[in-house]
2 protein chains.
Amino acid sequence: MNSILCTGSLLTIFLASHFTIQAQDPLPSWNDGPAKQAIVEFVQKTTTEGSPQFVPLTDRIATFDQDGTLWVEHPMYSQVMYCLEQVPAVVKAKPELKNVEPFKMVLTGDFAVIAKLPKKELIKILEATLTGMSVEQFQADVKKWLATAKHHRWQRPYNDLTYLPMQEVLEYLRANGYKTYIVTGGGQDFVRVYAKQTYGIPTEQVVGTAGGTKYGYEKDGKPFLTKEPRLLLNDDKAGKPEGIHLMIGRRPHAAFGNSDGDRQMLEYTKAGDGARLCMLVFHDDADREYAYGPAQGLPATKVGAFTQALYDEAQKDGWTVISMKNDWKRIFSFDE
Amino acid sequence: MNSILCTGSLLTIFLASHFTIQAQDPLPSWNDGPAKQAIVEFVQKTTTEGSPQFVPLTDRIATFDQDGTLWVEHPMYSQVMYCLEQVPAVVKAKPELKNVEPFKMVLTGDFAVIAKLPKKELIKILEATLTGMSVEQFQADVKKWLATAKHHRWQRPYNDLTYLPMQEVLEYLRANGYKTYIVTGGGQDFVRVYAKQTYGIPTEQVVGTAGGTKYGYEKDGKPFLTKEPRLLLNDDKAGKPEGIHLMIGRRPHAAFGNSDGDRQMLEYTKAGDGARLCMLVFHDDADREYAYGPAQGLPATKVGAFTQALYDEAQKDGWTVISMKNDWKRIFSFDE
């Protein structure tokens, strides 16, 4: 009798908590408006059995750009900061680089100058800091950096600078059976180090720019993989749908981006049958984050360009533009 | 009162079915022996909380070669059969190929001659039948072929020729929280077409030899991807751990293969910490399937070579060799 009563109570608790979840706002950091409404309506129509736009569980794929979509990308991508801040260690290991450009210049630490490095020179820094080591060594280096590195403006770890409203979208989609993927122009191996802890996304759900690896053996015969300067996937622009095909093999039902680099991913997503959700984060909040454009007269920038052409395509193709200023009640978890 | 009693009954049913599952043999098509024992012990020690070799849910990755490990690979890989059987359609679309080798020879249908095609000529056939079309067109072509093509020996669809004992291993591992991946030298796009239906494995858990795709637009502006003759990943031998790193990003805890092409995947798996399960399917059953070697004096073959060196490494590194003849009670689901 005791156990039957006990089960009865458990059932009550279960039903009560179930209804609480249903009643709670899944997106509390969003202001009411067309952006929030688009997300909630998409989830409802694609997950309600019998809905004409119902999507079976195995097809629920959602892809997210990272830099500028899930976390801050200004004034410089965090991975580029990682590479620059690794230069002293690289030069310590290879002292002959001390007087060789661009290493010499990066060693001065003058970020105003470093920010103007031509692409060709920057690639030398990326190669020296992202390749040549074992996969495990690289993971350890990134982990160590993340534990101490801070964003200059907020003086906080990069992990703190994820957008709370987007974390809520990730969680809301997953709670409704969507597999959430990061599809980033950034380095796949870099983002994978912290994706689980930061976004709840496992390594195999991070698609990014990827180089080849080389299989070899240590002296004791133990096999290991070395990161090579051989580009396999440039996961930016048209490379995003190509990366999605390579790594996922199915067209997403929802895609989120913030720049011209995400255009093809959103087009590819929208071109599928049935309900598709395409959203662009628009950085129009200089007070709480950054404002960059050039849409609505904001200045063009090197990082994360949201061009007028992209804005026009969003209007024409039915994508939703998220205004950070108007749609987001809070931006960071540390905001009041 | 009614609902409490009802809940009590449901609980009874739940507990009863739970115990039935526990008591059932998860591998009924396996004979008792060291191979079956190795699988069961591995699952028990990696999934029992408190076990020194417990593996957290997020790290439970198991990888399976396909041809010769999950289904029949003799006398020719099924994907090669697909390519050869597509040649008439290719020539119909491009009549100028009718008198060009190797197309002319393949059109004769003389498989004894075709089987001896040099690699360079075979690649021309693969390129003509695996690239140049849209991703969707290729998927439709493979689906159509699978619905009618038959293996010459059994006169059954290729889907019927999966090994029942290996299907049980896939299911058993998944029931214990393992994510099961196919890691094949075969074409990723090819295997993905039927992996869900045949093995219960979704497209994103199929890693295979992969070519690039090209993003473009149809006349109406709809974007699509074209399969290109540009190799991104040769997922064989050392390419298997490289492919695992690219697509999964973590070292498997269990790996299954059957040939020299799987050696590095098994080495890489075994080199990880804690419990690792590495197994090789050995084809020693000419009556029920095929026997090929050259281990134990069986003749070497072009397809799926299991060399003496591989056999020796298995003994030395603690991999388990599965004898189809002795370890498998039934091979196919249609066996009596």
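Residues numbered from 1 in each chain as written. Chains lettered and ligands numbered in written order. Predicted model: local features only at pLDDT ≥ 70, side-chain atom pairs only at ≥ 80, totals over all residues. Heavy atoms only, no water.

Digging into the domain arrangement of chain A
All names here are of chain A.
Okay, so step 1: Along its sequence, chain A is carved into domain 1 (28–74 + 156–327) and domain 2 (78–148).
Okay, so step 2: Between the C-alpha centres of domain 1 and domain 2 the distance comes to 26 Å.
Okay, so step 3: Listed by partner, the interface residues are 18 residues for domain 1 and 20 residues for domain 2.
Okay, so step 4: Three residues stand out in domain 1 for area buried against domain 2, namely Y158, F190 and K227, and they jointly supply 43% of the buried area on that side.
Okay, so step 5: Summed over the shared surface of domain 1 and domain 2, the number is zero salt bridges.
Okay, so step 6: At the level of secondary structure, the elements contributing two or more residues to the side of domain 1 that touches domain 2 comprise β2 (179–187), α9 (188–199) and β4 (223–233). (Domains from an automatic or database assignment. Contact = heavy atoms within 4.5 Å. Buried area = accessible area lost by both parts, 1.4 Å probe. Salt bridge = Lys/Arg side-chain N within 4 Å of Asp/Glu carboxyl O. Helix = DSSP H or I, 4+ residues; strand = E, 2+ residues; numbered from the N terminus.)

So, the sheet that holds strand β6 (residues 277–282) of chain B
Okay, so step 1: Strand order in the open sheet made by the seven strands is β4-β3-β2-β1-β5-β6-β7 (chain B), with mixed pairing throughout. The sheet is open, and its two edges are formed by β4 (223–233) and β7 (320–323) of chain B, each paired on a single side. Between one strand axis and the next, the sheet turns through 35° on average, direction left out of account.
Okay, so step 2: Note: strand β5 (residues 254–257) of chain B against β6(B), four bridges, orientation parallel. Residue pairing across strands places A255(B) opposite C278(B), the latter belonging to β6(B).
Okay, so step 3: With respect to the sheet, helix α10 (residues 239–247) of chain A is in contact with β3 (206–217) and β4 of chain B, its orientation differing from that of β3(B) by roughly 155°. (Pairing = 2+ DSSP bridges. Axes fitted to C-alpha atoms, helices over the stretch in contact; angles between N-to-C directions.)

Examining the pattern of salt bridges
Okay, so step 1: Inspection of the entire model under this criterion finds 34 salt bridges over all chains.
Okay, so step 2: A salt bridge links E121(A) to K124(A); the nearest nitrogen and oxygen atoms lie 3.2 Å apart. Of the two residues, E121(A) and K124(A) both sit in helix α6 (residues 119–130), three residues apart, roughly one turn of that helix.
Okay, so step 3: On the accessibility criterion, E121(A) (18% relative accessible area) is buried.
Okay, so step 4: For K124(A), a relative accessible area of 38% puts it in the partly exposed group.
Okay, so step 5: Residue D285(A) pairs with R288(A) through a salt bridge whose shortest N-O separation is 2.7 Å.
Okay, so step 6: A residue is classified by how much of its surface remains accessible, and D285(A), at 5% relative accessible area, is buried.
Okay, so step 7: Taking the relative accessible area as the measure of exposure, R288(A) reaches 26% and is therefore partly exposed.
Okay, so step 8: The network of salt bridges with shared partners includes D59(A), K179(A), R250(A) and E204(B). (Buried < 20%, exposed > 50% of the residue type's maximum accessible area, 1.4 Å probe, protein only.)

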